[in-house]
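Tertiary structure, described
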Amino acid sequence: SGILLLLITFLIFTGTGTAHAGPVIKFGDESWLMINYEAQLYVQSRDTGSGASGDSTTTDIFFRRNRLTFKGQATDVYGFTLAFQQQGDQRIESISVNDIPGKNFDVLDAFLSADWTDAFRLRIGLTKDPLSRETNEGCFFPLSVDRSLFIYTDLPRLNRDYGLVLWGNLLDAKVQYRLAAMDGADSSNDPKSSFRYTGRVHV
């Protein structure tokens, strides 16, 4: 079995000093652009995986998350989010050690938003599906439920997909709803179109 140690989690902020907020460039009274960088550096150690016979200790240091986000508002209603993420170089996986480190670079989020009222908001583009709670909690927040190494999500494209999400807060924010219509395509049904509809309600 392996040992997973989180050595350092660090956030880099500049600008306002507010948590998870980078420098803000303003364009008039309503329009603005925020640039934000966040990263998590992991150290893992496993007592197998290295050496000629694969039974020597392996130690791995890598960026678990290395993220650059552009977020902005064109007006007080319409805005956008665009996030890029690089992960790697990770050799230690859940149950194995790879000879070649894994690495990827992704467009993590790319969506337009419209906040007409607190009860009626829209996201359209590449965004999180509202079904699974654990993947809707922020990666840099203290998680109420730790994410499993073995059962992450049954959704395609990890926990994000292309589509639209309607959401809002009701009854003085005592109730929140989220409804989504997503692309839903994966390798089992391509090229057939098979939209996925999901939703959730919090009280």
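Every value quoted in this text rests on a predicted model; they were computed, and no experiment measured them. (Residues numbered from 1 in each chain as written. Predicted model: local features only at pLDDT ≥ 70, side-chain atom pairs only at ≥ 80, totals over all residues. Heavy atoms only, no water.)

Right, let's talk about the overall build of the protein for a bit. When you go through the protein residue by residue, the secondary structure sums to one helix and 10 strands. Seen in sequence order, the protein has helices and strands lined up from the N terminus as β-β-β-β-β-β-β-α-β-β-β. The buried share of the protein, reckoned over its 203 residues, is 35%. When contacts within the protein are restricted to residue pairs at least 6 apart in sequence, long-range pairs at least 24 apart make up 50% of them. Approximately 12300 Å² of the protein is accessible, and the part contributed by carbon and sulfur atoms is 60%. (Helix = DSSP H or I, 4+ residues; strand = E, 2+ residues; numbered from the N terminus. Buried < 20%, exposed > 50% of the residue type's maximum accessible area, 1.4 Å probe, protein only. Contact = heavy atoms within 4.5 Å. Areas by Shrake-Rupley, 256 points an atom, 1.4 Å probe, with all protein chains shown as cover.)

Where charged atoms of side chains with opposite charge meet at close range, the side chains can pair. Going through the model one piece at a time under the given rule, you end up with five salt bridges. Two residues, Asp118 and Arg121, come together in a salt bridge whose shortest N-O distance is 2.7 Å. A residue is classified by how much of its surface remains accessible, and Arg121, at 17% relative accessible area, is buried. In this structure, the salt-bridge partner of Arg196 is Asp161, at a minimum N-O distance of 3.1 Å. (Salt bridge = Lys/Arg side-chain N within 4 Å of Asp/Glu carboxyl O.)

What follows covers the layout of surface pockets. The space that makes up the second largest pocket amounts to roughly 940 Å³. Along the wall of the second largest pocket there are 36 residues; nearest its centre are Lys71, Thr81, Asp109, Phe111 and Arg123. Sorting the residues of the lining of the second largest pocket by element identifies strand E3 (31–50), strand E4 (56–73), strand E5 (78–92), strand E6 (97–117), strand E7 (120–128) and strand E8 (160–170) as the ones contributing at least two each. In the lining of the second largest pocket, the residues fall into 13 nonpolar, 11 polar and 12 charged. (1 Å grid on protein atoms, 1.4 Å probe; cavity = no way out; pocket = protein on both sides within 12 Å on 5 of 7 lines; lining within 4 Å. Points joined across faces, edges and corners; volume = space filled by probe spheres on them. Nonpolar A, V, L, I, M, F, W, Y, C, P; charged D, E, K, R; others polar.)

Moving on, we get to unusual backbone geometry. A positive phi angle, near 55 degrees, is found at Asp172, a position not held by glycine. Within the secondary structure layout, Asp172 lies in the loop between E8 and strand E9 (175–182). Backbone geometry places Ala173, a non-glycine residue, at a positive phi of 65 degrees. Among the structural elements, Ala173 can be located in the loop between E8 and E9.

Further remarks concern a nonpolar patch on the surface. On the surface, Phe80, Leu112, Ile124 and Leu164 cluster together into a nonpolar patch covering about 320 Å² of accessible area. For Phe80, the location among the structural elements is in strand E5. Of the residues examined, Phe80 reaches a relative accessible area of 31% and is grouped as partly exposed. (Patch = residues over 30% accessible without salt bridge, like charges linked within 9 Å, V, L, I, M, F, W, Y side chains within 5 Å.)

By themselves, these figures tell us nothing about what the structure is for.
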